[in-house]
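Next come the chains, spelled out residue by residue.
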Amino acid sequence: MTYNLSDINDIHTHHDYDDGTVYVKNLQLKELLTDSGISEFEDASARKNKLLSIGVHPWEINDFPEEQIFSCIDRLFPTLLSHQKVFAIGECGLDKSISTDLTLQKSIFNKQIELSEQYHKPMILHVVRAYNEIIEFRKKLKPEQPWIIHGFNNNEIIARKLIEMGCYLSINMNKPLTGKIQHTIQNIPTEFILKETDTIENAK
Ligand SMILES: [Zn+2]
């Protein structure tokens, strides 16, 4: 069965559901390189409502040698992306609050954009203080796939700009919606808002 974005009840989570909730469980590189990655794929194949996203999170970049990351994206990811339970690439993206070199972050992100287009999978993005860069990437590359900004927590102007550029906004339902984000949600078309739960303790 193929799912569309509008069929998904939880676009970004780190836990499993035993009811009929259609969800996308996120697997980071560190999981994909261990047995837990294999068992997640087996589990997803056994559950109708479980989909997966796979990607290199910006926070992981310093945990692996650069060559290993690129070789995983080049060799491992195409195989995984051919699997019918992989719904999206992510989370990946740009984070200007960490010390990891931005140029390196951008080149790893760029590689994942190429795969997203090639395999027709949307992207789930982690973006911290880098909305301008994300908009620049979309302007420059004109990708066809939608990009979902996960954990979106910003104002209406940025929200509208991102939507205009082909992005969706995913909102964390584990957190109370107050201030900026409450205002944003009330003022943008609901079809561009997706729900996620992420993790309660370790939301990222
Ligand atoms: Zn997460």
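Cut-offs and rules
- Residues numbered from 1 in each chain as written.
- Predicted model: local features only at pLDDT ≥ 70, side-chain atom pairs only at ≥ 80, totals over all residues.
- Heavy atoms only, no water.
- Helix = DSSP H or I, 4+ residues; strand = E, 2+ residues; numbered from the N terminus.
- Rg over C-alpha atoms; globule rule 2.2 N^0.38 Å.
- Buried < 20%, exposed > 50% of the residue type's maximum accessible area, 1.4 Å probe, protein only.
- Areas by Shrake-Rupley, 256 points an atom, 1.4 Å probe, with all protein chains shown as cover.
- Lys, Arg positive; Asp, Glu negative; His and termini not counted.
- Charge placed at Lys NZ, Arg CZ, Asp CG, Glu CD.
- Donors = N, O, S within 2.8 Å, 3.2 Å for Na, K, Ca; no water.
- Tetrahedral: all angles 85-135°; square planar, octahedral: opposite > 155°, others 65-115°.
- Pairing = 2+ DSSP bridges.
- Axes fitted to C-alpha atoms, helices over the stretch in contact; angles between N-to-C directions.
- Contact = heavy atoms within 4.5 Å.
- Right-handed = clockwise from strand over helix to strand, strands pointing away.
- 1 Å grid on protein atoms, 1.4 Å probe; cavity = no way out; pocket = protein on both sides within 12 Å on 5 of 7 lines; lining within 4 Å.
- Points joined across faces, edges and corners; volume = space filled by probe spheres on them.
- Nonpolar A, V, L, I, M, F, W, Y, C, P; charged D, E, K, R; others polar.

### A word on the overall build of the chain
Link 1 in the chain: A tally of regular secondary structure across the chain gives 7 helices and 8 strands.
Link 2 in the chain: Taken over the C-alpha trace, the chain has a radius of gyration of 16 Å; the compact-globule value for 204 residues is 17 Å, and the two agree within 12%.
Link 3 in the chain: Taken along its principal axes, the extent of the C-alpha atoms in the chain is 45 × 40 × 30 Å.
Link 4 in the chain: Burial analysis of the chain (204 residues in total) assigns 51% to the buried set.
Link 5 in the chain: Summed over all atoms, the accessible surface of the chain reaches about 9,900 Å², with 50% contributed by carbon and sulfur.
Link 6 in the chain: Charged side chains of the chain number 22 positive and 29 negative; the gap between the two group centres comes to 5 Å.

### A look at the coordination of the zinc ion
Link 1 in the chain: All of the protein donors around the zinc ion are His12 (NE2), His14 (NE2), Glu91 (OE) and Asp198 (OD); their distances to the metal are 2.1 to 2.7 Å.
Link 2 in the chain: One way to put it: the 4 donor atoms around the zinc ion meet at angles of 78 to 156°, and that makes the site irregular.
Link 3 in the chain: Every donor residue of the zinc ion comes from the same chain, spaced as H-x1-H-x76-E-x106-D. Linking His14 in the loop between β1 (10-13) and β2 (23-28) with Asp198 in the segment after β8 (193-196), this pair joins segments that are 184 residues apart in sequence.
Link 4 in the chain: Classification of His14 by relative accessible area gives partly exposed; the value is 24%.

### Things to note about the sheet that holds strand β4 (residues 86-95)
Link 1 in the chain: Strand order in the open sheet made by the 8 strands is β1-β2-β3-β4-β5-β6-β7-β8, with parallel pairing throughout. The two strands at the open ends of the sheet, each matched to only one other strand, are β1 and β8. Strand-to-strand twist across the sheet, computed as the mean angle between neighbouring axes with direction ignored, equals 30°.
Link 2 in the chain: Across the face of the sheet, helix α4 (residues 102-118) comes into contact with β3 (50-55), β4, β5 (123-128) and β6 (147-149) while running at roughly 160° to β4.

### Considerations on the pairing of strand β7 (residues 167-172)
Looking along a regular strand, one sees the side chains alternate between the two faces of the sheet.
Link 1 in the chain: With 5 of 6 residues buried, β7 is to be regarded as a mostly interior element.
Link 2 in the chain: Both β6 and β7 contribute to a ladder of 3 bridges, which runs parallel. Note that in β7 the partner of Ile148 across the bridge is Tyr168.
Link 3 in the chain: With 4 bridges connecting them, β7 and β8 associate as parallel partners. Of the residues in β8, the one forming a bridge with Ser170 is Leu194.
Link 4 in the chain: Traced from β7 through helix α7 (residues 179-187) to β8, the parallel crossover comes out right-handed.

### Side note on the environment of Glu42
Link 1 in the chain: Note that Glu42 resides in helix α2 (residues 35-46).
Link 2 in the chain: Judged by relative accessible area, which is 54%, Glu42 ranks as exposed.
Link 3 in the chain: Residues Glu42 and Thr2, spaced 40 residues apart in sequence, show a C-alpha to C-alpha distance of 18 Å.

### Examining the layout of surface pockets
Link 1 in the chain: Taken as a whole, the largest pocket spans an internal volume of roughly 400 Å³.
Link 2 in the chain: Around the largest pocket sit 20 residues that line it, and His150, Gly151, Phe152, Asn153 and Lys175 are the ones nearest its centre.
Link 3 in the chain: For the lining of the largest pocket, the secondary structure elements donating two or more residues are β5 and β7.
Link 4 in the chain: If one sorts the elements of the lining of the largest pocket by residue count, β5 sits on top with 3 residues.
Link 5 in the chain: Residues belonging to the lining of the largest pocket are distributed by class as follows: 9 nonpolar, 6 polar and 5 charged.

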